[in-house]
Amino acid sequence: MTNILLTGSTRGIGAAAFETLIAAGATVVGHGTQPRGDVVGVDLSQPGAGDQLWEAALEQLGGRIDVLVNNAGVFEPVAVDDSDAEWREVWARSHAINLQAPADLCRRAVQHFQGQGGGRIVNIASRAGHRGDSPAHWHYAAAKAGLIALTKTIARAYSHENILAFAVAPGFVMTGMAEDYLSSRGGDKLLADIPLGRVATPDEVAETIRWLALDAPPSLTGATLDVNGASYVR
C-alpha cells in the first residue's frame with residue numbers, strides 16, 4: 001500500500017488524480033482550502049502552510065508518506081500597468097502557492113524519505129515554465145520554471161538515497177480555469193496552436209501523475225513530462 005499526499009485535490013487535475021490514485025490502490029490524503037473528510041484544509045498562501053499540511057497529512061496517514069504530489073496552484077492575472085500594490089500582491093500570492101509551499105513540502109518530504117529508505121515527488125508544473133505565458137502572467141511562468149528547476153535539483157541531489165523527483169508540464173487542460181482563459185483570449189486562435197487539435201483532459205494528466213507516482217522507472221528521475229498536444233516540443 002502506498003501513502004500519498006496530493007495537494008489541490010478538490011477540482012480539476014487534482015480531483016481526477018485523486019480518483020485515479022485511489023483506483024490504483026493507493027491511500028490518498030487530499031488537500032483543499034477547506035477541510036472535508038479525507039481532505040485537509042490549509043491555505044497555501046500563508047507562511048508555514050506547507051509545513052502545517054505535511055504534519056496533518058502525516059498524522060492521517062499513520063506516520064508514513066511514500067509519495068508527495070504538488071498539484072495545487074493559482075493562475076491569476078496582473079498587468080504591468082496595474083498599481084504597484086496589485087502587482088506585488090499577485091506576485092506574492094503566486095509565489096507562495098505555486099512555488100514556496102511546494103518547496104516547503106518537498107523539503108519535508110526529502111527529510112521524511114531519508115528516514116524510510118526513499119520516496120517519490122511529483123510536481124505539477126506547466127508548459128509556461130518552458131515557453132513563458134501571457135503578458136499578464138509573468139509570475140506564473142516564473143514560478144513554474146522555478147518548480148521545474150527545483151525538481152531537477154532534488155533528483156540530482158537525492159537519487160542516490162532512492163528519493164525520486166519528477167515534474168509534469170501540462171499545457172491547457174479542460175478545467176474551469178482553462179475554459180475561462182480560453183474564452184477570454186479567443187479559444188479558436190489558441191486551439192490552432194495545438195497540433196493535436198484539442199486541449200488535454202484532466203484524466204490524461206491524472207494518468208501521467210499515477211504512472212510517475214507508482215510505476216515510472218527510477219532512471220526517469222529528474223525528467224519533466226510534457227502533456228500539451230505538441231504545442232511546445234522540446
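Everything numeric here is computed off the predicted structure, so don't read it as measured data. (Residues numbered from 1 in each chain as written. Predicted model: local features only at pLDDT ≥ 70, side-chain atom pairs only at ≥ 80, totals over all residues. Heavy atoms only, no water.)

Peer 1: I'd love a proper account of the environment of Gly-30, names of residues and values included.
Peer 2: Mapped onto the elements of the fold, Gly-30 is located in strand β2 (residues 27–32). Between the alpha carbons of Gly-30 and Val-173 there is a distance of 20 Å; along the sequence they are 143 residues apart. (Helix = DSSP H or I, 4+ residues; strand = E, 2+ residues; numbered from the N terminus.)

Peer 1: Quick one: what's the story with the pairing of β2, residue by residue and with numbers?
Peer 2: Within β2, 5 of the 6 residues are buried, which leaves it mostly tucked inside the rest of the structure. Bridge count for strand β1 (residues 3–6) against β2 is 4 bridges, and the pairing is parallel. Residue Asn-3 lies in a different strand from β2, and its bridge partner there is Thr-27. Of the crossover connections in this fold, the one passing from β1 over helix α1 (residues 12–23) to the parallel β2 is right-handed. (Buried < 20%, exposed > 50% of the residue type's maximum accessible area, 1.4 Å probe, protein only. Pairing = 2+ DSSP bridges. Right-handed = clockwise from strand over helix to strand, strands pointing away.)

Peer 1: Before we move on, can you summarise the sheet that holds strand β3 (residues 39–41) with the specific residues and values?
Peer 2: Strand order in this open sheet of 7 strands is β3-β2-β1-β4-β5-β6-β7, and the pairing throughout is parallel. Every other strand in the sheet has two partners, leaving β3 and β7 (224–227) as the edge strands with one partner each. Mean inter-strand twist for the sheet, computed between neighbouring axes without regard to direction, equals 20°. (Axes fitted to C-alpha atoms, helices over the stretch in contact; angles between N-to-C directions.)

Peer 1: Go over unusual backbone geometry with me, naming the residues and quoting the values.
Peer 2: Its identity is not glycine, yet Asn-162 carries a phi of approximately 65°, on the positive side. One non-glycine residue, Ala-230, lies in the positive phi region at around 70°. Along the chain, Ala-230 falls in the segment after β7.

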